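# An overview of the molecular structure
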Amino acid sequence: MTIELLAQQGREKIHNGLAAIDTAQLKKMRNQALRNCFNHMDEIRYRKEFVARIHGKTFINDAASRSVNSTWYTLESIDGPIIWILNAYLPADQQADLSKLVQNARGHVRMMVCIGRDSSWIHRQFDHVVPTIVDVATMREAVERAYYSAIETATVVYSPALPSDLSPDEEGMLFRHEVNEL
C-alpha cells in the first residue's frame, strides 16, 4: 500500500489500523492474562458509541473516556464542528491539566459544555481557543444546551476527560437517556 492510498483512508481508519496491528502483535504474546485483555478491547461500552442523529446533529457517547489521552483520541477522530460535553467535577485544588487538548479543540470545537461545580479552571485553559464555553449543573442541561446550540451538521460528543462520582456505565446510560428524551 502506498502512503498516498493510506492517507486517503482518513485519520480514524489509520488510527484503528495501527491499533489493530499493535493488538495483533500483542496477542502473540505468551502471557495468557495479557492476551485476554486485548481480546476484549472491542467490548468497551460507551467508547465513541453512536446514540442518535436528531435534525442532522449526531450524538456520540464517549463516557468511557475518563482521561485526557482518551478524550484526545476522540476529538482527533471526529470530523466537522464539535459540541464537547465534559466533566468539571474536580475540586478547585485539584484542577486538571487539559493543555494536551487545546490543539485538538482549536478551530474544531465550537462549544464546550462543562458539567459540574466550578469550571473556571477550564475557562482559563480554553477561553482563547473555543468560542463558547458554558457551565451547567446536570447532564440534562448539558444535552439540551448542546442540542439547541448546535448547527445542523455538528457532532455533540460526551467525552468527560475527567473522572466523576459516577461510573462510566452510569454516565453513559445517563447521557443516552437524556439524548433519547430530546
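Computed from a prediction, not measured in an experiment: that's the story for all the values here. (Residues numbered from 1 in each chain as written. Predicted model: local features only at pLDDT ≥ 70, side-chain atom pairs only at ≥ 80, totals over all residues. Heavy atoms only, no water.)

### Regarding the side chain of Lys57
By secondary structure assignment, the location of Lys57 is in strand S2 (residues 57–61). Reaching out from Lys57, the side chain makes a polar contact with the backbone oxygen of Tyr147 at a distance of 3.2 Å. Residues contacting Lys57, with those up to four places away along its chain left out, are Ala52, Tyr147, Ala150, Ile151, Glu152 and Ala154. (Helix = DSSP H or I, 4+ residues; strand = E, 2+ residues; numbered from the N terminus. Polar contact = N/O pair within 3.5 Å; in protein donor to acceptor, adjacent residues only side chain to side chain. Contact = heavy atoms within 4.5 Å.)

### Let's talk about the pattern of salt bridges
For side chains of opposite charge, pairing can occur when their charged atoms come near one another. Tallied over the full model, the rule gives three salt bridges. Arg176 serves as the salt-bridge partner of Glu49, at 2.9 Å between the closest nitrogen and oxygen. Within this pair, whereas Glu49 is found in strand S1 (residues 49–54), its partner Arg176 is found in helix H8 (residues 168–180), the two being separated by 127 residues in sequence. We classify Glu49 as partly exposed; its relative accessible area is 23%. A salt bridge links Arg140 to Glu178, with the shortest nitrogen-to-oxygen separation between them at 3.1 Å. Separated by 38 residues along the polypeptide, Arg140 in helix H7 (residues 139–149) and Glu178 in helix H8 bring together distant segments of the chain. We classify Glu178 as buried; its relative accessible area is 9%. (Salt bridge = Lys/Arg side-chain N within 4 Å of Asp/Glu carboxyl O. Buried < 20%, exposed > 50% of the residue type's maximum accessible area, 1.4 Å probe, protein only.)

### A few points about the sheet that holds strand S3 (residues 82–87)
Sheets are built from strands paired through backbone hydrogen bonds, the pairs being either parallel or antiparallel. Taking strand neighbours across the sheet as the criterion, the six strands line up as S1-S2-S6-S3-S4-S5 in an open arrangement whose pairing is mixed. Of all the strands in the sheet, just S1 and strand S5 (132–136) have a single pairing partner and so form its edges. Taken over all neighbouring pairs, the strand axes of this sheet differ in orientation by 20 degrees on average, direction set aside. By the bridge criterion, six bridges tie S3 to strand S4 (residues 109–115) in an arrangement that is parallel. Each residue of the ladder has a partner; that of Ile85, found in S4, is Val113. (Pairing = 2+ DSSP bridges. Axes fitted to C-alpha atoms, helices over the stretch in contact; angles between N-to-C directions.)

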